[in-house]
Amino acid sequence: MGNQADTPGIVGVATVADAPTPQNGGPVDPSAAATIVDGPVSAVEKAPAPRIDKELAAPDLFLNRELTWLAFNRRVLHEAEDDRNPLLERLKFLAITASNLDEFFMKRIGGLKQQVVAGMQELTVDGRTPQQQIAECYQVVRELEQRQRELGPRILSQLENHGIRVRLYASLSAEQRKSIRDYYYKNIFPLVTPQAMDPAHPFPFVSNLSLNLLITARYQNDSDPLMARVKVPIGFGIPRFLRVGNQSDFVRLEDVVANNLDLLFPSMLIDSYELFRVTRNANTERDEDEADDLLALIESELRDRRFAPIVRLEVLKGINPVHRGMLAAELGLDERADVFEVEGMLSMRDLGELAAIDAPALHDPPHHPVDHPRLTVGRSIFHVIRDAGPFLLLHPYESFSTSVERFLREAADDPKVRAIKMTLYRTSPDSKIIGYLCDAARNGKQVAVVVELKARFDEAANIQFATRLEEFGIHVTYGVVGLKTHSKVILVIRQDYNGLRRYAHIGTGNYHPGTARFYADYGLLTCDVTIGEDLTELFNYLTTGYMPDRPYRKILPAPTVLKRALLTRIEREIKLTSAASPGLIQFKMNALEDVDITRALYRASQAGVKIDLIVRDTCRLRPGIPGLSENVRVVSIVGRFLEHGRIYYFRNGGAEDFLIGSADCMKRNLESRVEVVAPVEDPQLRKELRIVLDLQLRPNRCQWEMLADGTYVRTAAADASPACQQAMIDFAETRQTEATKVKKRRSKGFARRTLRERSGE
C-alpha cells in the first residue's frame, strides 16, 4: 500500500467493546468507550488537554506526520492479524506492511537523517526536531516489527494445515535436496558472486534491500578465518521461495545458498554464515534549476540513489557481536540505533510471493469489475459522452479497461480525433496506454504527453516510456521546472458535427491498469466546454512552463489556485453556518498534512461547522478537543482495496459543492506539484459521490475512528457491520444488473414493435 501500493508510539490500533456509535457523524467520546489499545501510546500524545492559543500554533494541537503514517501501517497490520480474513490475504497484508516500512526508511527516515547531518534544528509544527522524530519512529518500528515476527510464523503454521509449507533445507529428504541443488546449480548458481573482504579486497558495495550472507571460512589446516559477502540473487525472475517438487512445499533461496556453499568455496571449511540486509536513502534529488537536461539529471539521480547512504542494517538475531559491529562500522551506521535484529525472516515483503499462490479457498472471493452501465458498447464513446455524459467512474468496482483504456483506444483510432494530450505519472510495463498513444501518433494525430520523470521509484520506467513515445514522434515534455506533475488528465480534441469539441478524463488515480484493480479511485469523463478550455490552458502551461495569469474558470489547479480555493471554501462555510443551518465539510483523501488547511478546519469547527474527514494515513488534526475540534470526526478506511481517491465536499448553504482530483491536503501537493481538482456538477454523479461518502462514514468493518489523543479505535458497531468496500462492490454490480434488465426490456419492446409493423405490412 505503498507507491505504486498504500502505510505506535503515538497511535495504537484499538478495539472498542460496547462503544457508542457516533451520532450524526459526531466523534466518538473516548471517555464513554472501554478501549483496548494495541501497542504503546507515547508520553507526548498522552499529555494533558492542549492549550488552545488564538493563532492555533501550539505544538500539541498537531500530530506528527511520520508517526501518524506509522499508525496507518499499524492498521494495515491489523488486517493481517484479523483471523476473519482468508489466510493468504492475511499473508499479503503482512507483506505489505513490511514493504511499507522499507519505503518509510528509504524516504522518511532517509530524509530526516539528511536533516540531522545538515545540522537542521528547526522544529516541526508539532514541536519535534529531526533527531527526536527518528528516535520516536524507531521505537514504533521496533514494536511493529516485533508484531510482524510473531504473526508471520503463526500464519505460516496455519497454512501448513492447507498443504502450504515453508521448509528448512535441512528438513528435506536426500532426494529433494539433490533436486533443489541441481536446480540451483543450473539456474541460479552462475549468478552468485562471492566477494572476499581482505586487504586486497575492500568491503564490497551492498545494494539496496538486497539479502546478503556474511561468510566466515578457512582453508583446511589453517586457523586464520577469511570473510566474504555473497548476495542472494533474488529478483529478475528468481523467486525468494523455491518450490520443492510438484507440491506446495517451498524452501527459501538464502537457505539453499547457505547449504551449498561448497560450490562457492570448494575444499574450504565454513565456520559460519550470517544473513544481513541494508536499506539506502532514496532522497537524492538535485537542483533542477541548475540542470541543462532534465532527463540526464534524473538518470544521474538514479545512479546516486544506488550509492546513497545506508539508513538501516537488519541482521538475524544471534549474529556474532563482532561481525555485527564490523558491519555497522563498514556501512557507516550507529550500531545501537541503526541496527535492527530480526528473529525469523528478513525481508518479509517477499511473503507476497506465497500470498499469490493459486488457492481460491484461501483468498477473498474474486472481484471482477463491471462495465459502467451507461457507457454503451457498440457506439462511439465520444457520442455517448456527448449525448449521455458526464460519467463518474468508480474504480476498481467499475472496469478501467472498458472506460479509461477504451477512451484512449477509440481516440487513437477515431479519424475525427485531431489531438490527444495527457499527463503520465505512473503506468505499468504491460500497459496498453503507451501502445494507444503510439497508435494515435502513427495514425497522424497530434499527441503531447507530459511524463513525470520524478515519480518516486518509477523514474527508470518513465524514462523508458518517454524514450519510446519520442520514437513515434510524440511531443514529450517533462513538466515545469521545480514542480512534479502529479495531475491525472487526458484531453482529446475531436472534430464533431458542429466544430471542434474537447473531451476529457480527470482522475484521482494513475493511468496504471494494475493498480486500477485494487486502488479505490474516481474519474470523470466529460465534454464540458469550460473544463475543456481550462485543460487547454493547463497543457499550454505544462508544455511551456510560462506562468501568465491563466483564466481557469472551473478546474482548480495547484500550485496556483487550489490551496487558496480550498481555504476560501472553508471560510465560506464558516460564514454560511448557523444554528438553523449548520455548515458541513467532508473531505476524503490520503493525507491531511498541510498546516494552513488544518488550522482552517479547526477554525471552522470552532464556528460550529460539522466536519467529517476520511483520511487514509497521515493526519495532523486532532478531533474531539473541546473548544477546538469537538465538531470534527476523523475516520480511516482500511480494507482489501487501497483507498486512493480524493473527494472534497462543502454544503455551501444548500448549493452543494463536490470536487474530485489528484491532490491530497499536503503542503507538497498544494504548493510544489501540478495537481488538478475539478467540480462534479451533474446531479446523478453527485448522488454517486454521496453514496461513497455515506458508506464510508457509517460504521463498517473497514472503519477506524480517531480519538483526541490520536489513538484509533474500531467500535463494536463498526466491527460487526459489513465492509464499505463490499457495499461498493454490491452497489456497482446491482446497478449494472438493473441497467442490463432495462436494456433487455427495451430490446424486447423494440423487437415486438418491429414484428407488429411487419405483420401490418
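Everything numeric in this text was worked out from a predicted model, so none of it was measured.

Draft legend 1. Broad picture of helix α14 (residues 529-544). When the terminal C-alpha atoms of α14 are compared, their 23 Å separation across 16 residues agrees well with the 22 Å that a helix rising 1.5 Å per residue should span. The complete set of buried residues in α14 reads Thr-530, Ile-531, Gly-532, Asp-534, Leu-535, Thr-536, Leu-538, Phe-539, Tyr-541 and Leu-542. The distance from a side-chain oxygen at the start of α14 to the backbone nitrogen of Thr-530 is 3.0 Å, and the residue carrying that oxygen is Asp-528. Gly-545 sits one or two positions beyond α14 and adopts a positive phi of about 80°.

Draft legend 2. The packing of helix α1 (residues 65-81) against helix α3 (residues 130-160), seen in detail. Viewed as axis vectors pointing N to C, α1 and α3 meet at an angle of 5°, and their least axial separation amounts to 11 Å. What the angle tells us is that α1 and α3 run roughly parallel. In contact with Glu-66, Leu-67, Leu-70, Asn-73, Arg-74, Leu-77, Ala-80 and Glu-81 of α1, α3 contributes Gln-133, Glu-136, Cys-137, Val-140, Val-141, Glu-143, Leu-144, Arg-147, Gln-148, Leu-151 and Ile-155. In terms of residue class, the contact of α1 with α3 is made up of ten nonpolar, three polar and six charged.

Draft legend 3. View of the sheet that holds strand β7 (residues 241-243). Here we have three strands laid out as an open sheet, ordered β3-β8-β7, and mixed in their pairing. Looking at which strands have only one partner, the edges of the open sheet turn out to be β3 (165-167) and β7. Recorded for the sheet is a direction-independent mean angle of 40° between the axes of neighbouring strands.

Draft legend 4. Geometry of the pairing of strand β21 (residues 584-589). With six of six residues buried, β21 lies mostly within the body of the structure. Pairing of β21 with strand β22 (residues 610-615), which is carried by six bridges, proceeds in the parallel orientation. Across the sheet, residue Ile-585 finds its bridge partner in β22, namely Ile-611. In terms of handedness, the path from β21 via helix α16 (residues 595-606) over to β22 forms a crossover that is right-handed. As defined by bridge partners, β21 adjoins strand β25 (residues 647-650) across four bridges and the pair is classed as antiparallel. Counted as the bridge partner of Phe-587 is Tyr-648 from β25.

Draft legend 5. Broad picture of the sheet that holds strand β9 (residues 268-280). Ordered by their spatial adjacency, six strands build an open sheet running β4-β6-β5-β9-β10-β11, and the pairing between neighbours is mixed. In this open sheet, the two edge strands, each paired with only one partner strand, are β4 (194-197) and β11 (339-342). Neighbouring strand axes in the sheet, compared pairwise and without regard to direction, differ in orientation by 30° on average. Here strand β5 (residues 211-219) runs beside β9; their pairing, made up of nine bridges, is antiparallel. When the bridges of β9 are listed, Leu-211 appears paired with Arg-277. Where helix α2 (residues 87-117) meets the sheet, its contacts fall on β9, β10 (310-316) and β11, and the angle it forms with β10 comes to roughly 135°. In this fold α3 packs onto β10 and β11, with an angle of close to 15° to the strand it touches most, β11.

Draft legend 6. Layout of the pairing of strand β14 (residues 446-451). Where burial is concerned, most of β14 is hidden: five out of the six residues are buried. Relative to β14, strand β13 (residues 417-424) runs parallel, the two sharing six bridges. Bridging across to β14, Thr-423 finds its partner in Val-450. Handedness of the crossover joining β13 and β14 through helix α12 (residues 432-442) is recorded here as right-handed. Here β14 runs beside strand β15 (residues 475-477); their pairing, made up of three bridges, is parallel. Following the sheet pairing, Val-449 is matched in β15 by Val-476. Each parallel crossover has a hand, and for β14 linked through helix α13 (residues 459-471) to β15 it is right-handed.

Draft legend 7. Spotlight on the environment of Lys-610. Within the secondary structure layout, Lys-610 lies in strand β22. Spatially, the C-alpha atom of Lys-610 lies 5.1 Å from that of Asn-631, the residues being 21 residues apart in sequence.

Draft legend 8. Structural view of the nonpolar core. Ranked by internal contacts, the top residues of the largest apolar core, which has 111 residues, are Leu-70, Leu-91, Phe-587, Leu-592, Leu-601 and Leu-613. Of the residues forming this core, the biggest block, 13 residues, is contributed by α2. For Phe-587, the contacting residues outside a window of four places in its chain are Ile-570, Ile-597, Leu-601, Asp-612, Leu-613, Ile-614, Ile-647, Tyr-648, Tyr-649, Phe-650 and Cys-665. Membership of the second largest hydrophobic core comes to 42 residues, among which are Ala-411, Ala-412, Val-492 and Ala-516.

Draft legend 9. The environment of Arg-603, seen in detail. Assignment of secondary structure puts Arg-603 in helix α16. Given a relative accessible area of 39%, Arg-603 falls into the partly exposed group. Apart from the residues within four sequence positions on either side, Arg-603 is in contact with Leu-56 and Ile-574.

Draft legend 10. Local environment of the pattern of salt bridges. Within the structure shown, the criterion is met by 60 salt bridges. A salt bridge links Arg-252 to Glu-254, with the shortest nitrogen-to-oxygen separation between them at 3.0 Å. Taking relative accessible area as the criterion, Glu-254 reaches 7% and is therefore assigned buried.

Cut-offs used in this document
- Residues numbered from 1 in each chain as written.
- Predicted model: local features only at pLDDT ≥ 70, side-chain atom pairs only at ≥ 80, totals over all residues.
- Heavy atoms only, no water.
- Helix = DSSP H or I, 4+ residues; strand = E, 2+ residues; numbered from the N terminus.
- Expected span 1.5 Å × (residues − 1).
- Buried < 20%, exposed > 50% of the residue type's maximum accessible area, 1.4 Å probe, protein only.
- Polar contact = N/O pair within 3.5 Å; in protein donor to acceptor, adjacent residues only side chain to side chain.
- Axes fitted to C-alpha atoms, helices over the stretch in contact; angles between N-to-C directions.
- Parallel < 35°, antiparallel > 145°, perpendicular 65-115°, else oblique.
- Contact = heavy atoms within 4.5 Å.
- Nonpolar A, V, L, I, M, F, W, Y, C, P; charged D, E, K, R; others polar.
- Pairing = 2+ DSSP bridges.
- Right-handed = clockwise from strand over helix to strand, strands pointing away.
- Core = buried A, V, L, I, M, F, W, Y, C linked by side-chain atoms within 4.5 Å.
- Salt bridge = Lys/Arg side-chain N within 4 Å of Asp/Glu carboxyl O.

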